[in-house]
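Residue-level structural notes
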Amino acid sequence: SSPMPDRRDTARAGGANAGAMGAGAANAFDRAYLAQQVAAHARTLALVDAAIARGQHAELQAALQSQVRPAVAMHLEEARRLQAR
């Protein structure tokens, strides 16, 4: 399952209002949403990297490095891929 909704998911979620918005408004919303997601995931990845570098608890550092960082990085790359479409 994709971590990011695509345009079809956004339209389905909007129900009847999605059709009333029109394609231009929906596309502008999608672009703004993806830009926000790219920025938010980039900030989160920077925070995770800083926590790994400054961490004082080896177990927490290991979890951030092995579990959290890969997930955030994957979501960031997916958002960037969708943004490029």
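First, a word on scope: everything that follows refers to the structure included in this document. (Residues numbered from 1 in each chain as written. Predicted model: local features only at pLDDT ≥ 70, side-chain atom pairs only at ≥ 80, totals over all residues. Heavy atoms only, no water.)

The subject of this paragraph is the nonpolar core. Of all hydrophobic cores here, the largest spans 6 residues; its members are Val38, Leu45, Val72, Ala73, Leu76 and Ala79. At 4 residues, the largest contribution of residues to this core is made by helix 4 (residues 58-84). (Core = buried A, V, L, I, M, F, W, Y, C linked by side-chain atoms within 4.5 Å. Buried < 20%, exposed > 50% of the residue type's maximum accessible area, 1.4 Å probe, protein only. Helix = DSSP H or I, 4+ residues; strand = E, 2+ residues; numbered from the N terminus.)

Let's shift gears to the packing of helix 3 (residues 23-54) against helix 4. It is at 9 Å that the axes of helix 3 and helix 4 come closest, and there the two elements cross at 160°. Considered as vectors, helix 3 and helix 4 are oriented roughly antiparallel to each other. In this structure, helix 3 meets helix 4 at a crossing whose hand is left-handed. Partitioned by chemical class, the residues of the contact of helix 3 with helix 4 number 16 nonpolar, 7 polar and 3 charged. (Axes fitted to C-alpha atoms, helices over the stretch in contact; angles between N-to-C directions. Parallel < 35°, antiparallel > 145°, perpendicular 65-115°, else oblique. Left-handed = near helix turned anticlockwise from the far one by under 90°. Nonpolar A, V, L, I, M, F, W, Y, C, P; charged D, E, K, R; others polar.)

For the rest of this paragraph, the subject is the pattern of salt bridges. Taken as a whole and assessed by the stated rule, the structure comprises 3 salt bridges. Where Asp49 meets Arg69, a salt bridge forms, and the shortest distance between an N and an O atom there is 2.5 Å. Here Arg69 lies in helix 4 and Asp49 lies in helix 3, a separation of 20 residues in the sequence. Where Arg81 meets Glu78, a salt bridge forms, and the shortest distance between an N and an O atom there is 2.5 Å. Of this pair, Arg81 and Glu78 both sit in helix 4, 3 residues apart, roughly one helical turn. Assessed through its relative accessible area of 44%, Arg81 is described here as partly exposed. (Salt bridge = Lys/Arg side-chain N within 4 Å of Asp/Glu carboxyl O.)

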